[in-house]
Amino acid sequence: MRRLPLRLLRSAASALCGPAATHGGFPATPALHPAAVAATPSSPPADLSRWPQRRGYSQFASGFTPLKPKPLGSIIDVERAKGLSPEHLVAAWDDYHLGRGHIGASMKTKLYHLLEQRSSTCRHFVIPLWKGSGYTTMFMQVQMPYMIFTGLEDYKARGTQASPYYTVTHYTEFAETKDTVLIRGDVVFTSKLTDPEAKTLLETAHSFYLNDVRYRLVERFNKETHEFEFRDVLQVLDMPTM
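For the structure given in this document, a descriptive report is provided here. (Residues numbered from 1 in each chain as written. Predicted model: local features only at pLDDT ≥ 70, side-chain atom pairs only at ≥ 80, totals over all residues. Heavy atoms only, no water.)

## Thoughts on the packing of aromatic side chains
Here a ring pair, both rings aromatic, is described through the centre-centre distance and the interplanar angle of the planes. Applying the stated criterion across every chain yields a total of nine aromatic pairs. Between tyrosine 165 and phenylalanine 189, the ring centres sit 6.4 Å apart and the planes meet at 85 degrees, which makes this aromatic pair edge-to-face. Residue tyrosine 165 is located in the loop between helix H6 (152–158) and strand S5 (166–171), and its partner phenylalanine 189 is located in the loop between strand S6 (181–187) and helix H8 (195–210); the two are separated by 24 residues in the primary sequence. Taking the relative accessible area as the measure of exposure, tyrosine 165 reaches 6% and is therefore buried. Relative accessible area serves as the criterion here: at 33%, phenylalanine 189 is assigned to the partly exposed category. Ring centres 5.0 Å apart and planes at 75 degrees place the aromatic pair phenylalanine 221 and phenylalanine 228 in the edge-to-face group. Classification of phenylalanine 221 as buried rests on a relative accessible area of 0%. Put simply, the rings of Phe125, Phe208, Phe221 and Phe228 pair up and form one aromatic cluster. Its end group placed over the ring of phenylalanine 208, arginine 214 keeps NZ or CZ at 5.3 Å from the ring centre. (Phe/Tyr/Trp six-rings, centres within 6.5 Å; stacked < 30°, edge-to-face > 60°. Helix = DSSP H or I, 4+ residues; strand = E, 2+ residues; numbered from the N terminus. Buried < 20%, exposed > 50% of the residue type's maximum accessible area, 1.4 Å probe, protein only. Lys NZ or Arg CZ within 6 Å of the ring centre and 35° of its normal.)

The following block contains the structure:
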């Protein structure tokens, strides 16, 4: 496939740092029940096996101004991109994000709609992310077209003052015309998450919502909380349950 010159893509604006209005910014994330966040990745899986039902919602990161998502037009020349084939658009998008400290990905529109449908009733999940000789547990919220991730340990320590580590935006401008949804991930705290880890986290998160077997665990976490066992997540990811 012929790679397009990178001049197609505009230089990205500065990193996400501008304040967003209450409407149109990233959604506020509900807090986990205190008994759930008491579990730690280093504890035996039995400590993580039962997640008490959340009794309500409090604003996640209440002391943190939500990051304003970057409009697609600040990343690419949208008008010029309209003349590209889906393959060339995805190739240019991928090329642009290589080595830039951001994550670039894409998916077919059908998969995006499935993700949108499933996340509408199951907005939250926990994902173990392998780091070195063990794993850290990430807590995520999905409110399409956005995903937000933070460390469960950081939430445990900071409560509603915890800030997102990583934000993901799905761009649907070409969903109908090119059967393509462009995806961009921005690591907010590079000290907490490397680019390869962020890429793995995004791929894993998508897999739990798009794979029928894995999605059952997401449903259980959101709808049958008392039946949720964290060891099941570890097992489907082939991680040791200690």
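## Considering the pattern of salt bridges
Applying the stated criterion across every chain yields a total of seven salt bridges. The partner of aspartate 186 in a salt bridge is arginine 184, with the nearest N and O atoms 3.2 Å apart. Like aspartate 186, the residue arginine 184 is buried in the burial classification. Here arginine 220 and aspartate 232 are joined by a salt bridge, their closest N and O atoms 3.4 Å apart. Here arginine 220, found in helix H9 (residues 212–223), pairs with aspartate 232, found in helix H10 (residues 230–236); they are 12 residues apart in sequence, far enough to count as distant. (Salt bridge = Lys/Arg side-chain N within 4 Å of Asp/Glu carboxyl O.)

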